Each structure stands twice: as C-alpha cells, then as structure tokens.
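Summary of the model geometry
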Amino acid sequence: MHVSETLRTNLQSVLVDLIALHLQGKQAHWNIVGPNFRDLHLQLDEIVGEVREFSDQLAERLRALNAQPDGRIETVTATTHLPSFPAGEVLTTDAISLITERLNLTVENMRVVHDDVDEEDPTSADILHLFIEKLEQYAWMVSAENRQPQSAAQTQAQAQAQRA
C-alpha cells in the first residue's frame, strides 16, 4: 500500500507529538522536585517508556505504508503541537499539570486526524485508538495527584446541570 500525502502528514503529525512527549516526559523525570517525588519519578518513566514504544510503532507503520517517518529533532521542534517544557527544576505539582497538559494535547491531535486516517487506513486508525486509550488513562492518573475530591454539593450540581 502506498500512503497518500494526507495520511502521511496526519501520521507524521502524531509521530512528532509522541517524540516530543517522550522527550518532555524524560526532562520532567530528571528535574522534578518536591512532594511525592519518588512516585511521580517512577510514573514518568513508565509513561516515557510506553510513549517511546508508541512512536516506534507509528514510525514502523509509516514505513509499512511506504512512507518515510521524520523524527529528526529539527522536525519535531518545528512541527509539534506541544509547548516547550520549562528548563531547570520543576515542582512536582507543576510537573503534574505540565505533563497532563501535554498528554491531553497529544490525544487532541490524534482525535483531530483520526477520521481522515480511518477513512484511508483503518489499521492505522486502530493503532491511534490504542494510543488514545492509554494516554487518556495516563492523563487521568497523573492529574489525580493534584485533584481534590469533589464535595457532594458539587457532584449534585454537576448532575443537575447535565440533566438540564
């Protein structure tokens, strides 16, 4: 199968975000300080490892489609949807917000390109489904570190608003 330029561009867009997410996750892993350091440090390593595997899987899918993935640092820097990660030490609570944001932005891009990918190559869309599921789970798990339980009143108000 030969990939169209649209499919190649869409998959390449996801690839650079995965590479950027991997690198930024590692940057956070090395430089976080503060409460719950050890747990977040280990969790970031888990995320980084899986995201790295995702980028490899997607790059190999591009090759299977006779397209050439471009993971060069200048390409990633110029085309990723993710903002730069701060330099230096980052407080764990700030890192949680930063990583959650980047996980969500990566998923958002996958959802933007998904329908076009699915129309041309359902197999690649299936791969994106798996990535989305896992990255959303990581975003939930990481963000839970900073969340406070909702009060019963807040929960009731939200339920009423949804019914209205």
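Provided above is the structure to which this section pertains.
First, a word on what this report is: a plain description of the structure on this page.

So, how was this worked out
Residues numbered from 1 in each chain as written. Predicted model: local features only at pLDDT ≥ 70, side-chain atom pairs only at ≥ 80, totals over all residues. Heavy atoms only, no water. Helix = DSSP H or I, 4+ residues; strand = E, 2+ residues; numbered from the N terminus. Buried < 20%, exposed > 50% of the residue type's maximum accessible area, 1.4 Å probe, protein only. Contact = heavy atoms within 4.5 Å. Areas by Shrake-Rupley, 256 points an atom, 1.4 Å probe, with all protein chains shown as cover. Lys, Arg positive; Asp, Glu negative; His and termini not counted. Charge placed at Lys NZ, Arg CZ, Asp CG, Glu CD. 1 Å grid on protein atoms, 1.4 Å probe; cavity = no way out; pocket = protein on both sides within 12 Å on 5 of 7 lines; lining within 4 Å. Points joined across faces, edges and corners; volume = space filled by probe spheres on them. Nonpolar A, V, L, I, M, F, W, Y, C, P; charged D, E, K, R; others polar. Patch = residues over 30% accessible without salt bridge, like charges linked within 9 Å, V, L, I, M, F, W, Y side chains within 5 Å. Salt bridge = Lys/Arg side-chain N within 4 Å of Asp/Glu carboxyl O.

Things to note about the overall build of the chain
Broken down by element type, the chain carries six helices and two strands. Beginning at the N terminus, the succession of helices and strands in the chain can be written as α-β-α-α-β-α-α-α. C-alpha extents for the chain along the principal axes are approximately 55 × 45 × 25 Å. In the chain, buried positions account for 41% of the 164 residues. Here the analysis covers contacts within the chain between residues at least 6 apart in sequence; of these, 80% occur between residues at least 24 apart. For the chain, the computed accessible surface area is about 9,200 Å², with 50% contributed by carbon and sulfur atoms. In the chain, 12 positive and 25 negative side-chain charges are present, and the distance between their average locations comes to 3 Å.

Quick word on the layout of surface pockets
Here the largest pocket is characterised by a volume of approximately 230 Å³. Considering the residues around the largest pocket, the lining is formed by Ala20, Leu23, Gln24, Gln27, Ile73, Val76, Thr77, Thr80, Leu82, Pro83, Ser84 and Phe85. Elements represented by at least two residues in the lining of the largest pocket include exactly helix H1 (5–31) and helix H3 (73–79). For the lining of the largest pocket, a count of residues per class yields seven nonpolar, five polar and no charged.

Concerning a negative patch on the surface
Judged by side-chain charge, Asp115, Asp116, Asp118, Glu119 and Asp126 come together as a negatively charged surface patch. Per element, the largest residue contribution to the negative patch is four residues, and it comes from helix H4 (residues 92–120). Owing to a relative accessible area of 46%, Asp126 belongs among the partly exposed residues under this scheme.

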